[in-house]
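If you want the building blocks of each chain, they are given just below.
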Amino acid sequence: MTSTLPSVTTEKTTATTTAVADTVTAVADTVTGTGPRPVVPTDGGPAPRTPAVPGAGPRPVVRFRRSRSDLVLCGVLLVAILLVQGWNIQHYPTLSDDEGTYLAQAWAVQEGKGLAHYTYWYDHPPLGWMQIAFLTWLPSLFSPEAMTVAPMRCAMLLVSAVSAVLLYVLARRLWLPRWAAGLAMVLFGLSPLAVVLQREIFLDNIAVMWILLAFCLAASPSRHLWHHFAAGLAAAIGVLTKETMLVVLPALLVTMWRHSHRDTRKFAVTGAVTACVLTGLSYPLFALLKGELLPGGGHVSLWDGITYQMSRPGSGFVLDPGSGSYGVLQSWLYYDRILPLGGIAGALLLVLTLRWSVTARALAGPALAVVILTAVALRPSGYLPAMYVIQGLPFLALVLAGGAASVTHAVLRKGRRPEQSRTVTGLRWTALAALAATAAVLVVPRWYDGNRTALTADANAPYRAAASWMAREVPDPSRARVLVDDALWLDLVHAGYEPGLGAIWFYKADLDPAVTRTMPGGWRDLDYVVASPTVRRDARDLPNVRDALSRSTPVASFGEGEDRIEIRRIDGTSTPDDRSSAAPRGTRTGGDER
């Protein structure tokens, strides 16, 4: 069922429809980017004009699958994106604890050990790493020891590829010209900021893929009701993959409202909202069926997980030079200033010119998404994680590409008269070329330097060396107990250390009762600490980890400065036989691991 009104099936209607469609389809693409505009009357009368307001009445249609030019351009850009993002992916950027956590949880799902490698405590919905488990299942089946962070980054290339194609499709459905859609794809996939972050195994990357699918369905030129229902379903999957995507849903509704037919708009929006809400409710229903919806003795709960996330200590105001959020912002701008700052400025401009600009109305949804995400990041007491910007990358790219299309249209066509001389036309093109050259001078050198680092640097040599040392030098890994961050946790598991209580994710030594019960002697029940930058940074809030570091001696060190990784043997530890008689090993009981 579609949301357009059915045509009157008469010979007059058919003839008129065919003539109008053939005439309009024959119009060549213009630099303004409208492309073919098939217009179909529904009452047998003359074809109505294409409205100035997108989403009202007849509208331009871009059939991506039938456009060879679109397919070729998208295919070429996709190959370039995959080459840049895939080259040197195992060596740069530095492995992160978050990547290791998500992959370790995916490993637990694959191995049938539960929803996490320790107690699952509703920190995030498990759907995200269940998808990672699916993406990495086949490689891990053929090479189980490859189920570690660096090799499994290759699985993220599939996510990047799908997201890039969806962004191109969305740009065309939002009536951007072909070249502008390609520009959006380049900004999204080849910005050094995107290259670095999209390589990493982050839930945000997978959630962005689902949200882009939802936007594409919401802006479907066919305007089938099932497309809008599917958009709600895809949006719910995106939120269940990374719950922070919830703030983007108003922008999705704006896009759906503008691209649905006015006669069935209420049905489309109601169906999408219903599909999204019912799918989202599956998560609290899961907790309810497990008896873990509300707090109680001896078990974790969804309520506790939400409370923890909402009460996390803030990282300060993003514009305060002394705050953690400011440091995160500077790390983004280190890789690329054009995409985040230019995108935010463009989004604000589009919102302010919504009443007068056709482009602003077409890009109202993406512009609103950028504004919302920026407002959330600007909260004075909010927590700003490093991967937060991933959620805004596609919308920033769309807004910048739309701004470029608007400027191009203004330079070449605004105020143009039929009798315009060749001299004036030449001056317009010269001005456009000058603007393009200026943009290239500003962007290309910075992008070249950032991507050259991503393609050539090896930031993970210390991690590989530390994993090799722990596999080779420890006499009996199956009986040793080691504190390690999750970036190396799976490496130690594959080297023979006992998952969970032998190779111990260092946070759990203080925060998970299932682990602390096996450590009655505290730091004395441990043998080694793999002191990565993450372990040293967070040890000040973890008494057992802090004591283990202060009462240990370095036996090997890899790397230099703050990025070094030390292998530290703990002094005066109890023997494995003493530990095995003092406390049970191998238990995975429930508990609040915060």
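Our subject is the structure listed above.
Just so you know, these numbers come straight off a predicted model, no measurement behind them. (Residues numbered from 1 in each chain as written. Predicted model: local features only at pLDDT ≥ 70, side-chain atom pairs only at ≥ 80, totals over all residues. Heavy atoms only, no water.)

Draft legend 1. Representation of the nonpolar core. Judged by nonpolar contacts, the single largest core of 158 residues is most densely connected at I132, M470, L483, W489, V545 and I567. In terms of residue count, helix α9 (residues 203-218) provides more of this core than any other element does, twelve residues in total. Setting aside anything within four residues of it in sequence, one finds V545 in contact with L483, F506, A509, D510, V535 and A539. (Core = buried A, V, L, I, M, F, W, Y, C linked by side-chain atoms within 4.5 Å. Buried < 20%, exposed > 50% of the residue type's maximum accessible area, 1.4 Å probe, protein only. Helix = DSSP H or I, 4+ residues; strand = E, 2+ residues; numbered from the N terminus. Contact = heavy atoms within 4.5 Å.)

Draft legend 2. Broad picture of the pairing of strand β4 (residues 552-558). Across six bridges, the pairing between β4 and strand β5 (residues 565-570) is antiparallel. When the sheet's bridge partners are listed, S557 is paired in β5 with E566. With antiparallel pairing between neighbouring strands as the criterion, β4 and β5 make up a hairpin whose turn holds six residues, including G559 at a positive phi of roughly 90 degrees. (Pairing = 2+ DSSP bridges.)

Draft legend 3. The arrangement of unusual backbone geometry in detail. The linkage connecting Y92 with the following residue, P93, adopts the cis geometry, with an omega of 0 degrees. Structurally, P93 can be placed in the loop between α2 (68-86) and α3 (97-110). Phi angles above zero are rare outside glycine, and Y122 is one such case at about 65 degrees. In this structure, Y122 sits in the loop between α3 and α4 (127-142).

Draft legend 4. Looking closely at helix α15 (residues 324-335). Between its terminal C-alpha atoms α15 stretches 18 Å, which fits the 16 Å expected from twelve residues at 1.5 Å a residue. Here α15 has its buried residues at S325, V328, L329, W332, L333 and Y335. The arc that holds the buried residues of α15, viewed along the axis, is 160 degrees, so those residues lie on one side. Taken together, the buried residues of α15 touch α8 (192-199) and α16 (338-352). (Expected span 1.5 Å × (residues − 1). Arc of directions from axis to C-beta.)

The analysis is restricted to geometry; functional conclusions fall outside its scope.
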